[in-house]
Amino acid sequence: MSRRGWWLIGGVAAALVVAGALWLWQSTARSPTPDDAALDYLHALESGDADAVRATGITVSATALEAFDAATALIEDAEVTTVREGADGDSATVEIAFRLEGAAHTAQLVLTPVDGRWTVDDSGLGTLTADSTIGSDVAIGEITTPAGKGIALLPAGYTVSAAPTSSLSGDSTVEVLPGDDATAAIEAALRPEATAVAQSRLDEHLETCTAPGSEIPEGCGIRIPWGTEFREVADIRYRIDESPTIALTPTSFTADGGVLVATVSGTGQDGGTRTTTYRTDSWTLRGEVSFTAEGIVLSFW
């Protein structure tokens, strides 16, 4: 046989190998039936592997996948009990059974073909709405989400905590089931660490308050009785001998016991140059406190 003939035979053989490999990949990369696809999804949930869940093709947020990594309980003994395909072949309803935290559950999954592959739609997710007595956010593992706002999550058991967890204590365990709306209520409390963080925020604010200037800054608790001695103030210099000590409630703060020295320069009431030093041993600040996903926020009156 000529070299050209061998080349043609080799080309055909190579094409057959490629075609066979492509068929094998397609047959193994997709679930050929709705019940197979549903089982793939359930087994991924059982594994606790967020990447395996994403590989099933379900549309799920990065937040939900990260929360799933922090799940405290996974579904077990999952099985498909009934499959009903739509008359048009564009959808299928699969009844499933599984256990979570030892309790038996049933649910319904809806699957549709996506790029030639049966895929679970958002019926495979549940919704969690969590509230906390303190703070605007709650945490699941390393992720935070607004309190009182529903978030779609993968079916599993979760521990939901008050946020930020470094400053607040309190959590609640909750089961999120497919197609279900779950709620969690957190009774939060201040951690001792919250006071240390708030004191640091206060000290940063005091540095701004005591920057040199010609006017008394607002929200700093500074009162200087220079009105009867000065016609005009040109410069105020501050020295903090002792910072006020902060005390917190869930919604407000008081900082007492500060010692502040202020040296005022300007024009006296007699028209001459004047410099006077004032001292207070009861420097006090007050305001509101709030807790967000970013941390503690102080709002000064």
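Bear in mind that the values here come from a model prediction, so they are computed numbers and not experimental data.

Undergrad: Is there a simple way to think about the state of the cysteines in this case?
TA: Any covalent bond linking the sulfur atoms of two cysteines counts as a disulfide. Applying the stated rule across the entire model yields 1 disulfide. Linked covalently through their sulfurs, Cys209 and Cys220 form a disulfide whose S-S length is 2.0 Å. Disulfide Cys209-Cys220: the torsion about the S-S bond is -80°, which places it as left-handed. With Cys209 in helix H5 (residues 192-209) and Cys220 in the loop between H5 and strand E14 (230-242), this pair connects stretches of sequence that are 11 residues apart. For Cys220, a relative accessible area of 3% gives the class buried.

Undergrad: How should I be thinking about the pairing of strand E6 (residues 137-140) in this particular structure?
TA: The two faces of a sheet get side chains in turn, since along a regular strand they alternate between them. Side chains Asp137 and Ala139 of E6 all project onto a buried face; the interleaved residues Val138 and Ile140 project onto the opposite face, where all are buried too. Where E6 and strand E7 (residues 143-146) come together, 4 bridges link them in antiparallel fashion. Bridge pairing in E7 links Val138 to Thr145. Hairpin connection, E6 to E7: the antiparallel pair is bridged by 2 residues, and Gly141 has positive phi, about 65°. Here E6 pairs with strand E9 (residues 156-163) via 3 bridges, running antiparallel. Among the inter-strand pairings, Ala139 is bridged to a residue of E9, identified as Ser161.

Undergrad: Would you explain helix H4 (residues 62-69) in this entry?
TA: Because each turn of an α-helix spans 3.6 residues, side chains separated by three or four positions end up pointing in the same direction. All of the buried residues in H4 are Ala64, Leu65, Ala67 and Phe68. An end-on view of H4 places all buried positions within 160° of arc, on one side of the element. Away from the buried face of H4 by more than 90 degrees, exposed residues Ala62 and Asp69 are located.

Undergrad: How should helix H2 (residues 34-47) be read in this particular structure?
TA: Given a rise of 1.5 Å per residue, 14 residues ought to cover 20 Å, and the 20 Å separating the end C-alpha atoms of H2 matches this to within 8%. Of the positions making up H2, those classed as buried are Pro34, Ala37, Ala38, Tyr41, Leu42, Ala44 and Leu45. Along H2, the residues classed as buried sweep out an arc of 155° about the axis, all on the same side. Gly48, located one to two residues past H2, shows a positive phi value of around 75°.

How each quantity is defined
Residues numbered from 1 in each chain as written. Predicted model: local features only at pLDDT ≥ 70, side-chain atom pairs only at ≥ 80, totals over all residues. Heavy atoms only, no water. Disulfide = S-S within 2.5 Å. Helix = DSSP H or I, 4+ residues; strand = E, 2+ residues; numbered from the N terminus. Buried < 20%, exposed > 50% of the residue type's maximum accessible area, 1.4 Å probe, protein only. Pairing = 2+ DSSP bridges. Arc of directions from axis to C-beta. Expected span 1.5 Å × (residues − 1).

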